[in-house]
Amino acid sequence: MPVAPATATPPFVRRFTRPGGWRRLGAAGLAAVACIFGTVASPAANAGPLIVAHRGGTGDTPENTLQAFANALHNGAQALWMTVQVTRDGVPVMYRPADLSALTDGHGKLADLDYAQVRKLNAGYAFARKADDGHTVYPYRDHPLPIPTLREALAAVPENVPILLDMKQVPAAPLVEAVIQVLDDTHAWSRVRLYSTEADATDRLRARRPQAQLFESRDATRNRLVASALAGQCATPPAPGTWVGIELHRQVEVVERFTLGQGVSKVVANWWTPAAVQCFKSRGDVHLVAFGVETPQDFESASQLGFDAVMTDSPSRLRAALTVQGHDASK
């Protein structure tokens with residue numbers, strides 16, 4: 001079932017180009033979208049960060065469902081972050097948590113079930129909202145949503161909408177092989193950029209499909225940020241064309257080890273400073289995606305720092321807040 005087109009668009013939202021009513025992207029928007037895949041050197045001048053819907057907008061709709069992807073585009077998202085795991089019989093599907101009970105009416109690991117079993121589950125079972133009287137309601141328990149396959153997600157989303165695919169399963173090998181098969185079959189390598197916190201997943205992809213568009217490892221990104229924040233060092237900036245994704249703000253622990261034990265300091269790190277961004281881009285154009293951007297203030301900070309994209313749990317809330325403040329993200 002294809003994703004339904006949006007009907008209303010605030011001024012700051014770039015419009016998608018698609019026959020049959022898809023919203024149109026202006027030249028700046030097209031350049032920014034193309035930049036996700038390295039087809040241009042950088043976003044057009046004055047283009048704001050691309051708005052990426054985290055798991056299709058997990059704060060707005062049951063995450064990683066076709067309904068979530070449709071609503072995210074309707075609510076002003078310009079790219080979609082999706083999370084993929086693989087079933088026991090090798091079907092890659094859109095799901096994030098380690099246990100099915102976190103979001104569905106099932107239980108156990110997704111990798112322990114065949115696709116026919118996964119298909120029967122309700123992806124919206126645990127999705128809750130507050131009713132007008134203050135009570136918690138579960139609107140999708142009577143209107144279940146299936147867990148879509150990767151093939152279904154690719155078919156449902158317009159081809160000019162960037163997809164950032166988070167590979168969220170260990171061991172990595174079965175998932176990597178399943179994703180490769182689908183991207184080969186659907187000729188989708190040019191429209192998907194892949195991310196994983198597990199270096200084994202991206203290393204396998206790089207070895208098996210050199211054309212795979214990848215984020216650099218989270219370890220490499222974090223180590224550079226820590227070196228910049230704590231030591232003022234910029235010893236190993238990434239190569240030109242690298243894509244980097246990590247939180248704009250992140251709660252971290254600094255562990256100091258000494259003879260009789262260790263000390264731990266906890267802090268919310270505002271590690272993306274102008275100096276850090278300058279370090280990351282010092283060898284050439286490096287593309288930055290800020291995770292966890294939920295407020296106009298963080299959106300503006302990311303924009304001023306020069307981020308290419310920001311990822312939000314709720315495109316609808318971010319869009320509404322930006323509209324209230326008169327922010328035009330197309331500038």
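Residues numbered from 1 in each chain as written. Predicted model: local features only at pLDDT ≥ 70, side-chain atom pairs only at ≥ 80, totals over all residues. Heavy atoms only, no water.

In the nomenclature of an unreviewed UniProt entry, the protein chain is known as Glycerophosphodiester phosphodiesterase of Pandoraea morbifera.

Draft legend 1. The state of the cysteines, seen in detail. Summed over the entire model, instances satisfying the criterion amount to one disulfide. For Cys234, the disulfide goes to Cys279, at an S-S distance of 2.1 Å. Its torsion about the S-S bond being 95 degrees, the disulfide of Cys234 and Cys279 is classed as right-handed. Of the two residues, Cys234 is situated in the loop between helix 7 (218–231) and strand 9 (243–247) and Cys279 in helix 8 (residues 274–280); the sequence distance between them amounts to 45 residues. (Disulfide = S-S within 2.5 Å. Helix = DSSP H or I, 4+ residues; strand = E, 2+ residues; numbered from the N terminus.)

Draft legend 2. Summary view of the packing of aromatic side chains. The final tally for this structure, using the stated rule, is nine aromatic pairs. For the pair Phe127 and Tyr140, a centre-to-centre distance of 5.8 Å together with 75 degrees between the ring planes defines the contact as edge-to-face. Remark: Tyr140 occurs in the loop between strand 5 (136–137) and helix 4 (150–156) and Phe127 occurs in the loop between helix 3 (115–118) and strand 4 (129–130); sequence separation between them is 13 residues. Residues Phe127 and Tyr140 agree in their burial class; the two are buried. In this structure an aromatic cluster arises from ring pairing among Trp81, Tyr195, Phe215, Trp243 and Phe291. Positioned over the ring face of Tyr125 is Arg141, at 3.9 Å from the centre of the ring. Note that Arg141 overlies the ring of Tyr138, its terminal NZ or CZ placed 3.8 Å from the centroid. (Phe/Tyr/Trp six-rings, centres within 6.5 Å; stacked < 30°, edge-to-face > 60°. Buried < 20%, exposed > 50% of the residue type's maximum accessible area, 1.4 Å probe, protein only. Lys NZ or Arg CZ within 6 Å of the ring centre and 35° of its normal.)

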